[in-house]
Structures are given as structure tokens and as C-alpha cells.
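Tertiary structure, described
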Amino acid sequence: MKSVLSGVQPTGDLHIGNYFGAIQNWVRLQDNYECRYCVVDYHSMTMPYNAVQLRENTWNMVFQLLACGVKPENLFIQSLVPEHTELGWILNCVTSYGELQRMTQFKDKSDQLKETDGDAFISVGLFDYPVLQAADILIYHADYVPVGKDQEQHLELSRNIAQRFNNQFGKEYFIHPEPLFTETPKILSPADPNRKMSKSLGEKHYINLFGEEERVRKQIKSAVTDTGDTPAGEMSAGVKNLFELMRACGNMEAHNSLMEDYKSGSLRYSDLKEHTANTLIGLITPFRERLADLKADKRAVKQQIQESSAIVRQRAQRTMQEVRELTGLASLK
Ligand code: AMP
Ligand code: TRP
């Protein structure tokens, strides 16, 4: 059976961009692949953070992923498998400085820090982030990595790192992981459809997957439909985004009928928004209810995830034994 690995940072709440870009795929893939999904708390240490908040956010993310339909036996917490960092160190030594300098996520995140404070502290961890990500994937010999489009460059780097390791140690040891995208790999911000939906842009730029009905309705209602820079005869990015959301939710009936209206020039944006809001609310209401159920017995859920992390760790330890052997590190034998 082919295997799948993916990770998400414990950044507070999931938004619908995370869901349609990645998590929806995580849930579906569980039927046909050996899947491992992790909450990547080590990665969240690369930006300024608060220790109490990090631990809280990590568990929060666990609950949210379970509420979306990720199976508890497939879910673990990255830092409960510290071998990821050990492999990360080894992979650092087959990754070039120049390669990491080309990573756009590093540029974006360091620019973002500098924007808020010209003397902002930018850690080596932030620079090195994609190598740890490669370790997350390679340590399980994962074939596929379901992610949003923004992670394409990191996946390409993971393949280069695998190749360089194999060349250096004379064996086709690591396989080359491939990304898996959904049909909606990039959901845009409702407030600025020229940018991708992201929490870091601020409150109005993302729709919380567990959000209250009224707020979701309001956000869709005020979604920007016309940015004024769309060439004549083309659908604007904002309108396209609303159609995409409806398609991602599987409401093809409303999608197709409104698309007919669009083509004939009779589409009313208020109708499009109302249908989109109703469709989204239909999707997220059961998620919110499941989350409340899961939170009713937090201890049981935590124990389950600690156990699944321990099982996953055994697999990672097996890889590390082989890697230590291949790379010439000392052994106790
Ligand atoms: P992050 O919250 O950045 O750790 O992202 C978690 C997952 O959601 C990653 O696989 C991202 O590629 C994906 N993702 C984040 N934002 C979006 C978006 N606006 N559209 C589609 N996918 C996204
Ligand atoms: N870098 C990913 C993001 O920002 C999160 C991540 C960390 C990840 N490790 C991973 C994704 C391994 C896929 C596989 O969203």
C-alpha cells in the first residue's frame, strides 16, 4: 500500500482554505492509503510565539482535525517523535545554503516580520524550516504529500534532498515524494481576492472552519466581487473564488445554475453570495457539533493521540537506525 504524510502548523483555528486546499484530501485519502498526519509544533517555533499558547494550539488543532474526519490512529504530534529533528540535522548536511535562500515562504515570512519591526529577530529555524519538513516526509518514506499549492516548492526541495542523500550514500534509500493537490489548491481571501486566504493577513481575510453561522454569512456577504482590475470578458478573481467554494463543497447544482446565469449576464452577486453562504454553513455546522462532542472528553482524546504518536515513533526509529548505519554515525553495537 502506498503511503501518505502531511502536516499542519498549530496556528489557532483552521480556515476553509486549509480545509479545501489540504484537509479535505487528508480525510479522503484515508480509505486507500496508509496515512500519517501530524501537527507540526516544532515548525511553529520558527516564528515568535508563546509557550503556553503553543501547547494549547497544538491540542486545539488535534481536536479540529479529528472533527474534520481525520482518524485518531492516523494522527500524531510532531514533537512526540523527536527523531524528525535528528533526521533534520542529517539532511541539513546534504542541503545547500543557496537552495534554502530561494524558498519563497522564507522570504514572505521574514518580510512579514520585518514589516512589523525593522529590527525583527529572524531565526535560523525559520530559514531551516523546509529541511525539517523534508525530514517529516522522508522519515516515513512517504509516496504522497497532500498539501496546498503554496507548498509545491518545499516538496520539490524534499525530492532534491532525497536525491542528494541517495547519491552521497550510494543507495536509492529515500523515495521521491510527490505532492497531491485538490481541485481547489488555492482559496483566496474574501476581502482581497488577489491574495490567498491566510490567517496572517488578519481577521477579515479568512473564514474560520468552525466559525459561527452569522459571522460566515457576514463575511461572504461583504466578499469583494469586483476589484476593478479584471480584463473585459473575464470573470473577476472574487467571483471565481465564490464559484470555487461552491464547487469544493460539492454543491454542483447551485454552481451550474448560477454559472448559466453568469454566462447569460443575468447573475446577481447577492444570489451567488447567498447560495455560497448557505452551502458553506451546511458544510461547517456538523464540524462545529463534532468538535463540541470531542471536547466533552478531552482526556480520552489526548491519551489516544499520545498512543498513536508512540506507535508512529517506532516507524521513525526504524528509519533512523538505517540512516545512522548509512551515514557513518557511531553505533552501540
Ligand atoms: P498552514 O496553515 O499554512 O500550515 O497550511 C496548512 C495547509 O493548508 C497546507 O497544506 C497549505 O498548503 C494549505 N493552505 C493554506 N492556505 C491555503 C489557501 N488559501 N488555499 C488552499 N490551501 C491552503
Ligand atoms: N510547511 C507546511 C505548511 O506551512 C506544514 C508542514 C510541515 C508540512 N511539515 C510538513 C506539510 C510535511 C506537509 C508535509 O503548511
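Residues numbered from 1 in each chain as written. Chains lettered and ligands numbered in written order. Predicted model: local features only at pLDDT ≥ 70, side-chain atom pairs only at ≥ 80, totals over all residues. Heavy atoms only, no water.

Here we look at the site of ligand 2
Taken together, 13 residues lie around ligand 2, and Gly-7, Tyr-129, Gln-133, Asp-136 and Gln-151 are the ones closest in. A distance of 2.8 Å separates a nitrogen atom of ligand 2 from a polar atom in the side chain of Gln-133. Here Gln-151 contributes a side-chain N or O atom positioned 3.1 Å from a nitrogen atom of ligand 2. A total of 370 Å² of accessible area belongs to ligand 2 in isolation, and the protein chains cover 90% of it. Those elements that place two or more of their residues in the shell around ligand 2 are strand E1 (3-8) and helix H6 (124-138). Ranked by the residues each element gives to the shell around ligand 2, the list is headed by H6, at four residues. Of the residues that constitute the shell around ligand 2, the class distribution is six nonpolar, six polar and one charged. (Near = heavy atom within 4 Å. Polar contact = N/O pair within 3.5 Å; in protein donor to acceptor, adjacent residues only side chain to side chain. Areas by Shrake-Rupley, 256 points an atom, 1.4 Å probe, with all protein chains shown as cover. Helix = DSSP H or I, 4+ residues; strand = E, 2+ residues; numbered from the N terminus. Nonpolar A, V, L, I, M, F, W, Y, C, P; charged D, E, K, R; others polar.)

Here we look at unusual backbone geometry
With a phi close to 50 degrees, His-141 is a non-glycine residue in the positive phi region. One can find His-141 in the loop between H6 and strand E4 (144-146). What makes His-141 buried here is its relative accessible area of 16%. (Buried < 20%, exposed > 50% of the residue type's maximum accessible area, 1.4 Å probe, protein only.)

Focus: the site of ligand 1
Taken together, 16 residues are adjacent to ligand 1, and Gly-148, Asp-150, Pro-185, Ile-187 and Met-197 come closest. Gly-148 has a polar backbone atom sitting 2.8 Å from an oxygen atom of ligand 1. Contact distances for ligand 1 include 3.0 Å between a nitrogen atom and a backbone N or O atom of Met-197. When the free accessible area of ligand 1 is taken as 480 Å², the share hidden by the protein chains comes to 88%.

Let's talk about helix H12 (residues 298-327)
The terminal C-alpha atoms of H12 lie 42 Å apart, and with 30 residues this matches the ideal 44 Å at 1.5 Å per residue to within 8%. Residues Val-301, Ile-305, Ser-308, Ser-309, Val-312, Arg-315, Ala-316, Thr-319, Met-320 and Val-323 constitute the buried set of H12. Within two residues after H12, Gly-328 carries a phi angle of roughly 85 degrees, on the positive side. (Expected span 1.5 Å × (residues − 1).)

What to know about the packing of helix H8 (residues 213-221) against helix H11 (residues 269-295)
One way to put it is that H8 packs onto H11 with a least axis distance of 9 Å and a crossing angle of 150 degrees. Classified by the angle between their axes, H8 and H11 sit roughly antiparallel to one another. In this structure, H8 meets H11 at a crossing whose hand is right-handed. For the pair H8 and H11, contact is made by Glu-213, Val-216, Arg-217, Ile-220 and Lys-221 and by Lys-273, Thr-276, Ala-277, Asn-278, Leu-280, Ile-281, Ile-284 and Arg-288, respectively. (Axes fitted to C-alpha atoms, helices over the stretch in contact; angles between N-to-C directions. Parallel < 35°, antiparallel > 145°, perpendicular 65-115°, else oblique. Left-handed = near helix turned anticlockwise from the far one by under 90°. Contact = heavy atoms within 4.5 Å.)

Quick word on the pairing of strand E2 (residues 34-39)
Judged by how many residues are buried, E2 sits mostly within the fold: five of six residues are covered. Examined bridge by bridge, E1 and E2 share six bridges and lie parallel to one another. Directly across from Val-4, in E2, lies its bridge partner Cys-35. For the handedness criterion, the β-α-β arrangement of E1, helix H1 (residues 16-29) and E2 is classed as right-handed. With three bridges joining them, E2 and strand E3 (residues 75-77) adopt parallel strand pairing. Within the sheet, the bridge partner assigned to Tyr-37 lies in E3 and is Leu-75. (Pairing = 2+ DSSP bridges. Right-handed = clockwise from strand over helix to strand, strands pointing away.)

Concerning the domain arrangement of the chain
When cut into domains, the chain gives domain 1 (3-184 + 297-327) and domain 2 (199-292). On the side of domain 2, 17 residues touch domain 1, which itself brings 17 residues to the contact. The contact between domain 1 and domain 2 buries some 1500 Å² in all, and 66% of this surface belongs to carbon and sulfur atoms. Contact with domain 2 buries area across many residues of domain 1, yet Ile-16, Phe-20 and Ala-67 alone supply 35% of it, more than any other trio. (Domains from an automatic or database assignment. Buried area = accessible area lost by both parts, 1.4 Å probe.)

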